[in-house]
Amino acid sequence: MNRKFCTAAAAIFAAILLLAPMCDAASYDAGARAKNVWFGILNRASHSVLLKYKMLGSDPATITMAMNKTHVAVDMNSADGHTSVIHDTKQMKSTMVMHEDKMYMVMKTDPRQVPKLAGDKEEKPKMSVSAGTEKINGKNYEYDKMVFDKEDPQIYYFEPGTDKWKFWRAGGELFEILEYGTKPDASLFSVPAGYQEMTM
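Please read all numbers here as calculations on a predicted model, not as lab measurements.

Asks: How should I be thinking about the overall build of the protein in this particular structure?
Replies: When you go through the protein residue by residue, the secondary structure sums to two helices and 12 strands. Mapped from its N terminus to its C terminus, the protein presents α and β elements in the order α-α-β-β-β-β-β-β-β-β-β-β-β-β. Every one of the 200 residues in the protein was classed for burial, and the buried ones make up 32%. In the protein, of all internal contacts separated by at least 6 residues, the share reaching a separation of at least 24 is 43%. If you sum the accessible surface of the protein, you get close to 12,800 Å²; carbon and sulfur atoms cover 54% of it.

As structure tokens, then:
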């Protein structure tokens, strides 16, 4: 009797160990992870924003976007060069920084050239969401697809069973997510020391 009990107990314990990884894998509603990224982490109205990603394809480039209450900075590093644009949305001035030449130029901000994220929208647009799986570079990823009004869909790819954002498809292009969060480095919003101003 005791032997049967011990055997059964061992079997139950083994089953618990085998099922534990399955229990750890979170279950997400369709669109929940993408909404958390777009309306939560990347919401400039609530906090500062950092998004660093790599453009894939024939012309690869690494792009870093940083935003706070008064500034929007975009840094682009590719085979063609390394440039940054820092928009002061309070004073409506934009600074273009050419890192190879160690020079910068200040100009009036064109609002159409300032990137916008969730926190910049006056109201949330109509949106539909769906979810699925897709293979990228031979590996399966779970995705959330969001479609805003008549805009092209945005697809957010995550590590299976997690909310770790790995890839982003927008405008027909695929981007690899390198880093994202709410604490951009302050240096992204300023011209490096020693750079000379170029005037027109």
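Asks: Help me understand the sheet that holds strand 12 (residues 196-197), please; the structure alone is not making it clear to me.
Replies: Each strand in a sheet pairs with another by means of backbone hydrogen bonds, the pair being arranged parallel or else antiparallel. Taking strand neighbours across the sheet as the criterion, the 12 strands line up as 7-8-9-10-11-1-2-3-4-5-6-12 in an open arrangement whose pairing is mixed. Each edge of the sheet is formed by a strand with only one pairing partner; in this case those strands are strand 7 (127-136) and strand 12. Note: strand 6 (residues 103-108) against strand 12, two bridges, orientation parallel. The partner of Tyr104 across the bridge, within strand 12, is Glu197. Of the strands in this sheet, strand 1 (49-55), strand 7, strand 8 (139-148), strand 9 (154-158), strand 10 (165-170) and strand 11 (173-181) touch helix 2 (residues 32-41), which is tilted by about 60 degrees from strand 8.

Asks: Just to check I follow, could you spell out the packing of aromatic side chains for this structure?
Replies: Aromatic ring pairs are described here by two measures, namely the spacing of the ring centres and the angle between the planes. Going through the model one piece at a time under the given rule, you end up with 11 aromatic pairs. Centre to centre, the rings of Tyr156 and Trp165 are 5.3 Å apart; their planes meet at 35 degrees, and the pair counts as tilted. This pair shows no difference in class: Tyr156 is buried, exactly as Trp165 is. Plain terms: the ring middles of Trp168 and Phe175 are 5.7 Å apart, the flat faces sit at 50 degrees to each other, and that makes the pair tilted. Each member of the pair, Trp168 as well as Phe175, is classed as buried.

Asks: When you look at the side chain of Gln154 in this model, what are you seeing that I'm missing?
Replies: Counting through the fold element by element, Gln154 comes out in strand 9. Among the polar contacts made by the side chain of Gln154, one reaches the side chain of Trp168 at a distance of 3.2 Å. Excluding residues within four positions of it along the chain, Gln154 makes contact with Trp38, Asp144, Lys145, Met146, Phe148, Trp168, Arg169 and Ala170.

Asks: Sorry, what's going on with the side chain of Thr95 here?
Replies: Mapped onto the elements of the fold, Thr95 is located in strand 5 (residues 93-98). Ignoring sequence-local partners within four residues, the contact set of Thr95 consists of Ser84, Val85, Ile86, Tyr104, Met105, Val106 and Val191.

Asks: Even after reading the chapter, I still don't get unusual backbone geometry, so can you show me in this structure?
Replies: Notably, Met92 is not glycine yet its phi reads approximately 55 degrees, a positive angle. The residue Met92 is located in the loop between strand 4 (81-88) and strand 5 in this model. Judged by relative accessible area, Met92 falls into the partly exposed class, the value being 33%.

Asks: Explanation requested: the nonpolar core in the structure shown.
Replies: One recurring pattern in soluble globular proteins: nonpolar side chains tend to sit buried together. Membership of the largest hydrophobic core comes to 23 residues, with the highest contact counts inside it found for Trp38, Leu42, Leu51, Tyr53, Tyr156, Trp165 and Trp168. Listing elements by their share of this core, those giving two or more residues are helix 2, strand 1, strand 2 (61-67), strand 8, strand 9, strand 10 and strand 11. Sequence-distant contacts of Tyr53, defined by excluding residues within four places in its chain, comprise Ala61, Thr62, Ile63, Met65, Trp168, Phe175, Glu176, Ile177 and Leu178.

Asks: Explain the pairing of strand 4 here, please?
Replies: Side-chain direction in a regular strand flips from residue to residue, so the side chains alternate between the two faces of the sheet. Relative to strand 4, strand 3 (residues 71-78) runs antiparallel, the two being bridged by eight bridges. The residue of strand 4 that forms the bridge with Ser78 is Gly81. Here strand 3 folds back onto strand 4, and the loop between the two strands holds two residues. Examined bridge by bridge, strand 4 and strand 5 share six bridges and lie antiparallel to one another. Within strand 5, the position partnered with Thr83 by the bridge is Met98. A loop of four residues connects strand 4 with strand 5, the two strands running antiparallel in sequence, and Met92 in this loop sits at a positive phi of about 55 degrees.

Cut-offs applied
- Residues numbered from 1 in each chain as written.
- Predicted model: local features only at pLDDT ≥ 70, side-chain atom pairs only at ≥ 80, totals over all residues.
- Heavy atoms only, no water.
- Helix = DSSP H or I, 4+ residues; strand = E, 2+ residues; numbered from the N terminus.
- Buried < 20%, exposed > 50% of the residue type's maximum accessible area, 1.4 Å probe, protein only.
- Contact = heavy atoms within 4.5 Å.
- Areas by Shrake-Rupley, 256 points an atom, 1.4 Å probe, with all protein chains shown as cover.
- Pairing = 2+ DSSP bridges.
- Axes fitted to C-alpha atoms, helices over the stretch in contact; angles between N-to-C directions.
- Phe/Tyr/Trp six-rings, centres within 6.5 Å; stacked < 30°, edge-to-face > 60°.
- Polar contact = N/O pair within 3.5 Å; in protein donor to acceptor, adjacent residues only side chain to side chain.
- Core = buried A, V, L, I, M, F, W, Y, C linked by side-chain atoms within 4.5 Å.

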